[in-house]
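What follows is the residue order along each chain.
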Amino acid sequence: MNIVIDTSAIIAVIANEPEKQKLIDLTRGAHLFAPESIKWEVGNAFSLMLKRKRVTLEQAMRALNIFESISLMWIEIDLNQALKIAYKLGIYAYDAYVICGALSNAYPLLSLDKGLLRNAQKLNVKIVEVK
């Protein structure tokens, strides 16, 4: 199975959040895809955690090493299509990139971001539910 995954799901696994095991179970044996922008989103998430003193620099660096060990396949995003999606749904480009990747490849989307999932469903993107 091929799945497009977003930053919220990746951070939940890396940061050992309560959904971690469910996410691992859902993706076992799957091929995970993401737009390359995920790299910068993950970096931004950890810089925010540093700023808020939720993690130390050493913890953030270990987390980034874990992120780099995750087997992700990068998908090309049509920026014109992503911009149209962002405009139509009134969302940020980063969310539109993930939705665009799922749409253009006809892969289901895995996210913990309820708003992102609602917007993806408006465009008939199949969702992998985390229950």
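Check the entry above for the structure.
Procedures and definitions
- Residues numbered from 1 in each chain as written.
- Predicted model: local features only at pLDDT ≥ 70, side-chain atom pairs only at ≥ 80, totals over all residues.
- Heavy atoms only, no water.
- Pairing = 2+ DSSP bridges.
- Helix = DSSP H or I, 4+ residues; strand = E, 2+ residues; numbered from the N terminus.
- Salt bridge = Lys/Arg side-chain N within 4 Å of Asp/Glu carboxyl O.
- Buried < 20%, exposed > 50% of the residue type's maximum accessible area, 1.4 Å probe, protein only.
- Contact = heavy atoms within 4.5 Å.
- Core = buried A, V, L, I, M, F, W, Y, C linked by side-chain atoms within 4.5 Å.

Caption draft 1: A look at the sheet that holds strand E4 (residues 109-110). Ordered in space as E3-E2-E1-E4-E5, the five strands form an open sheet in which the pairing is parallel. Each end of this open sheet is capped by a strand with a single partner; those strands are strand E3 (72-75) and strand E5 (127-128).

Caption draft 2: Quick peek at the pairing of strand E1 (residues 2-5). Strand direction decides the pairing type here: E1 and strand E2 (residues 31-35), joined by three bridges, are parallel. Counted as the bridge partner of Asn2 is His31 from E2. Sheet analysis places E1 next to E4, joined by two bridges and oriented parallel. Across the sheet, Val4 pairs through a bridge with Leu109, a residue of E4.

Caption draft 3: Seen up close, the pattern of salt bridges. Going through the model one piece at a time under the given rule, you end up with two salt bridges. With a closest N to O distance of 3.1 Å, Asp25 and Arg28 form a salt bridge. Here Glu36 makes a salt bridge to Lys39, at a shortest N to O gap of 3.1 Å. With relative accessibility at 32%, the residue Glu36 sits in the partly exposed group.

Caption draft 4: Fine view of helix H1 (residues 7-14). H1 sits mainly inside the fold: six of its eight residues count as buried. For H1, every residue scored as buried is listed here: Thr7, Ala9, Ile10, Ile11, Ala12 and Ile14. Among the structural elements, E1, helix H2 (20-27), helix H3 (37-51), helix H4 (57-69), E3 and E4 are those in contact with the buried residues of H1. Residue Asn16 follows H1 closely and has a positive phi angle near 60 degrees.

Caption draft 5: Layout of unusual backbone geometry. Unlike most non-glycine residues, Lys53 shows phi in positive territory, near 60 degrees. Positive phi, normally seen in glycine, also occurs at Ala106, with a value near 55 degrees. Position of Ala106 among the secondary structure elements: in the loop between helix H6 (93-105) and E4.

Caption draft 6: The arrangement of the nonpolar core in detail. Membership of the largest hydrophobic core comes to 46 residues, with the highest contact counts inside it found for Val4, Ile5, Ile10, Phe46, Ile85, Ile99 and Leu109. Per-element tally for this core: the top contributor is H6, with six residues. Apart from residues no more than four positions distant in its own chain, Ile5 is found in contact with Ile10, Leu32, Phe33, Ala34, Ile38, Leu72 and Leu110.

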